[in-house]
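Each chain, letter by letter, is given below.
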Amino acid sequence: MRVVIAGGHGKIARLLERQLAGRGDTAVGLIRNPEHAAALTVAGAEPVVCDLEHTDVAEVAGHLSGADAVVFAAGAGPGSGAARKDTVDRAAAGLLADAAQRAGVRRYLLVSSMGVERDPAPGTDEVFVAYLRAKKAAEDDVTSRDLDWTVLRPGRLTDEQPTGRVTLARHAPRGAVTRADVAQVLVALLDRPASAGRILELVGGNTPLGEAVATATA
């Protein structure tokens, strides 16, 4: 497969790129900062400089030419304010969907977040509230389109080694999950057409990863 990943320098994206490249797929990472290109090359990916906050659908669609799937793994990141949660976590996800439709790429995986369906607890940091709202708006946008979309909502992300065992379901209990396991689940979802049209929550668990994906998408 040829898979284009928005947010190509992110932690999950680089793990995903390594896994795709390691099995012979072509991973293309869209990055904002040209200085990040070398890190993508090390991960086995093709870096493409494309700032999703300052481009248009025609340019992005050009980068998607020949792709079999796109993965939105971008995010404004820690330290960014509420405004960038909207321009990256929401608007850029929509722009990628626009570009996918224009380029004829039907498969779209959106990395979202657990908690987007719940009202934030009183006193929740306003920037985090903006993040959750942006993620939910991105979900609403992408899932309204004529695309073979899958939404993956990981729990609290950690940088620990992959466990290979997860809980994956439409509704999962609150918990943490390693970024490496998230990347492995994304690969498994790409390989499983039956995952299209599903919103799935992901945390660490006791079920072998492949079995969890098969059961959740049966």
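Values in this document were obtained by computation on a predicted structure and should not be read as measured data.

**Student:** Outline the layout of surface pockets, listing residues and values.
**Tutor:** Its boundaries defined by the atoms lining it, the largest pocket holds a volume of some 1,400 Å³. A74, G75, G77, D89 and Y131 are, among the 48 residues lining the largest pocket, the residues nearest its centre. Within the residue set of the lining of the largest pocket, elements represented by two or more residues are α1 (11-22), β2 (26-31), α4 (82-103), α5 (126-143) and β7 (156-158).

**Student:** Residues and numbers for the nonpolar core, please.
**Tutor:** Of all hydrophobic cores here, the largest spans 33 residues; its most connected members are L52, L64, F72 and Y108. For this core, the secondary structure elements donating two or more residues are β1 (2-6), β2, α3 (57-63), β4 (69-72), α4, β5 (107-111), α5 and β6 (148-154). The dominant element in this core, judged by the number of residues it contributes, is α4, at eight residues. Each residue touching Y108, except ones within four places of it in the same chain, is listed here: V70, F72, A93, L96, A97, V142, L147, D148, W149 and T150. With 32 residues, the next largest nonpolar core counts I31, A45, A69 and L152 among its residues.

**Student:** Please give an account of the pattern of salt bridges that cites residues and values.
**Tutor:** One pass over the full model with this rule turns up 17 salt bridges. Close ionic contact of D86 with R90 constitutes a salt bridge, the shortest N to O distance being 2.6 Å. Taken together, the residues span about one helical turn, with D86 and R90 both in helix α4 at a distance of four residues. According to the relative accessible area criterion, R90 is partly exposed, its value standing at 31%. The residue E139 makes a salt bridge to R153 at a minimum N-O spacing of 2.7 Å. Of the two residues, E139 sits in helix α5 while R153 sits in strand β6, which places them 14 residues apart along the sequence. For the pair E139 and R153, one class covers both residues: buried. A network of salt bridges, in which partner residues are shared, links E117, E139, R153, R170 and E201.

**Student:** How would you summarise the side chain of T217 if you had to cite specific residues and measurements?
**Tutor:** Assignment of secondary structure puts T217 in the segment after α7 (209-216). Not counting residues up to four positions away in its chain, the partners in contact with T217 are L189, R192, A194, S195, R198 and L200.

Thresholds applied
Residues numbered from 1 in each chain as written. Predicted model: local features only at pLDDT ≥ 70, side-chain atom pairs only at ≥ 80, totals over all residues. Heavy atoms only, no water. 1 Å grid on protein atoms, 1.4 Å probe; cavity = no way out; pocket = protein on both sides within 12 Å on 5 of 7 lines; lining within 4 Å. Points joined across faces, edges and corners; volume = space filled by probe spheres on them. Helix = DSSP H or I, 4+ residues; strand = E, 2+ residues; numbered from the N terminus. Core = buried A, V, L, I, M, F, W, Y, C linked by side-chain atoms within 4.5 Å. Buried < 20%, exposed > 50% of the residue type's maximum accessible area, 1.4 Å probe, protein only. Contact = heavy atoms within 4.5 Å. Salt bridge = Lys/Arg side-chain N within 4 Å of Asp/Glu carboxyl O.

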